[in-house]
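Listed below, chain by chain, are the residues.
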Amino acid sequence: MPDERQRLIARVSGDLLTSGHAIALTGAGISTESGIPDFRGPSGIWTQHPEAEKAAYRSYEKFVSDPKGWWQARLAQPGGILRNLGTAQPNPGHIALAELEKMGILKWVITQNIDGLHEKAGTRNLLEYHGNAFKLRCVDCGARFGPGAFDFEKLQRDDRLPPTCPGCRGLVKSDTVSFGEPIPSTVAARSYEEALKCDLMLICGTSAVVYPFAELPRVARGRGYTRQPIDRRTESRATGIIIVEINAEPTPLTHGGISDYLIQGKTGEILPLIVEEATRLR
Ligand code: NAD
Ligand code: ZN
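Residues numbered from 1 in each chain as written. Chains lettered and ligands numbered in written order. Predicted model: local features only at pLDDT ≥ 70, side-chain atom pairs only at ≥ 80, totals over all residues. Heavy atoms only, no water.

## Looking at the pattern of salt bridges
Next up, step 1: Under the criterion given, the structure shown has 15 salt bridges.
Next up, step 2: Residue R190 pairs with E194 through a salt bridge whose shortest N-O separation is 2.6 Å. Residue R190 and its partner E194 are located together in helix α8 (residues 185–197), separated by four residues, close to a single helical turn.
Next up, step 3: Using a relative accessible area of 0% as the deciding quantity, one classes E194 as buried. (Salt bridge = Lys/Arg side-chain N within 4 Å of Asp/Glu carboxyl O. Helix = DSSP H or I, 4+ residues; strand = E, 2+ residues; numbered from the N terminus. Buried < 20%, exposed > 50% of the residue type's maximum accessible area, 1.4 Å probe, protein only.)

Below is the structure:
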């Protein structure tokens, strides 16, 4: 349906241009075109390796009960299942979001991705909700460290694992938020504020089933909900927020009426077309 897609691209571009505080939420789907598999898509990591999903659920528990063992296991398999993360490059979808920020249209990107590709693409106002696979974090004070901040060979040799925070002596783990681990409080609070404040939310490539991230669109939709019917002229509900999804497939947000409309297709194709159209309309 190329005509329908074109119509929706024109519509979202207009909505973005008239918005006062637009933000984007992204998930694993925006990075599949960079060669990083998602979890639940047809070639997703968990679709292919169900045992990896079970292991992921146990990981944080393991860190809490045996941080030394957790670090030993991690250092024994550098890269793990997301081993191609280091060489992955941003794709046209990431670049288009950075471009929308430069144009002054997009105010924040809140991502579930841990791959660092939004930063590589040039997005500045970025909240990495589930952390960053290339960083480490103190679980007590929240300080973040680059991968070279600790000499792991020496720590292993001297039997001094797990690494501890030079500031507060708290335990250090990867910055990536594991299942069961609380979202670092500053990121969680800031993201929630943005969900309350934005007037347009562009949700790109997420199945929106991982909580508490998946609450953000629901919080945005729920605020000031007036149960007004859809306005036939603007086609959106009078709740002071427009929620748009770009996804290869409909999601629970589409089925549950959380989003106003879905542009179905690849983020790497649709987002650049939105930048093009917004540039033309400006
Ligand atoms: P998910 O795997 O649950 O869902 C991915 C969604 O993206 C699906 O709805 C799928 O239809 C869609 N999609 C796939 N390719 C697409 C494309 N090219 N264009 C448009 N849509 C596309 O991912 P999720 O909702 O982000 O949740 C998974 C969790 O796993 C997140 O918490 C995330 O932290 C983590 N994760 C991160 C990465 C990464 O950093 N790149 C990769 C895998 C998983
Ligand atoms: Zn600390």
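## Focus: the coordination of the zinc ion (ligand 2)
Next up, step 1: The coordination sphere of the zinc ion (ligand 2) contains the protein donors C138 (SG), C141 (SG), C165 (SG) and C168 (SG), at a distance range of 2.3 to 2.4 Å.
Next up, step 2: Between the four donor atoms coordinating the zinc ion (ligand 2), the angles at the centre fall across 97 to 118°, so the site counts as tetrahedral.
Next up, step 3: Read in sequence order, the donor residues for the zinc ion (ligand 2) give the motif C-x2-C-x23-C-x2-C. On the criterion of sequence distance, the pair formed by C138 in strand β4 (residues 136–138) and C165 in the loop between α7 (152–157) and β6 (172–174) is long-range, its members being 27 residues apart. Pair check on accessibility: C138 and C165 agree, each one buried. (Donors = N, O, S within 2.8 Å, 3.2 Å for Na, K, Ca; no water. Tetrahedral: all angles 85-135°; square planar, octahedral: opposite > 155°, others 65-115°.)

## Some details on the packing of α8 against helix α9 (residues 215–222)
Next up, step 1: At their nearest, the axes of α8 and α9 sit 8 Å apart, and the two run at 35° to each other. Where α8 crosses over α9, the two elements pack in a sense that is right-handed. Facing α8, whose interface residues are S191, Y192, A195 and L196, α9 presents L216, V219 and A220. (Axes fitted to C-alpha atoms, helices over the stretch in contact; angles between N-to-C directions. Left-handed = near helix turned anticlockwise from the far one by under 90°. Contact = heavy atoms within 4.5 Å.)

## Thoughts on the site of ligand 1
Next up, step 1: The environment of ligand 1 is formed by 27 residues, the closest being A28, Q112, T206, S207 and N247.
Next up, step 2: One of the backbone N or O atoms of I114 is found 2.9 Å from an oxygen atom in ligand 1.
Next up, step 3: In the environment of ligand 1, an oxygen atom lies 2.7 Å from a nitrogen or oxygen atom belonging to the side chain of N247.
Next up, step 4: Expressed as a share of its isolated accessible area of 860 Å², the protein-covered part of ligand 1 is 93%.
Next up, step 5: Within the shell around ligand 1, the residues separate by chemical class into eight nonpolar, 13 polar and six charged. (Near = heavy atom within 4 Å. Polar contact = N/O pair within 3.5 Å; in protein donor to acceptor, adjacent residues only side chain to side chain. Areas by Shrake-Rupley, 256 points an atom, 1.4 Å probe, with all protein chains shown as cover. Nonpolar A, V, L, I, M, F, W, Y, C, P; charged D, E, K, R; others polar.)

## Observations regarding the side chain of H130
Next up, step 1: Within the element layout of this structure, H130 appears in the loop between β3 (126–128) and β4.
Next up, step 2: Within polar-contact distance, the side chain of H130 engages the backbone oxygen of Q112 at 3.4 Å.
Next up, step 3: Apart from the residues within four sequence positions on either side, H130 is in contact with T111, Q112, I114, D175, T176, V177, I183, V210 and F213.

## What about the sheet that holds strand β7 (residues 200–204)?
Next up, step 1: Within the open sheet, the six strands sit side by side as β3-β2-β1-β7-β8-β9. Their pairing is parallel. Whereas interior strands pair on both sides, the edge strands pair on one side only; in this sheet they are β3 and β9 (261–264). On average, each strand axis in the sheet is inclined to that of its neighbour by 20°, with strand direction left out of account.
Next up, step 2: Relative to strand β8 (residues 242–247), β7 runs parallel, the two being bridged by five bridges. Paired with I203 across the bridge in β8 is E245.
Next up, step 3: Of the strands in this sheet, β1 (22–26), β2 (106–111), β7 and β8 touch α9, which is tilted by about 155° from β7.
Next up, step 4: Those strands touched by helix α11 (residues 267–281) are β7, β8 and β9, and its axis lies near 135° from that of β8. (Pairing = 2+ DSSP bridges.)

## Thoughts on the pairing of β7
Where a strand is regular, its side chains alternate between the two sheet faces.
Next up, step 1: Buried residues dominate β7, accounting for five of its five residues.
Next up, step 2: Residues of β7 alternate between two faces, with L200, L202 and C204 on one and M201 and I203 on the opposite face, all of them buried.
Next up, step 3: Relative to β7, β1 runs parallel, the two being bridged by five bridges. Within the sheet, the bridge partner assigned to A24 lies in β7 and is L202.

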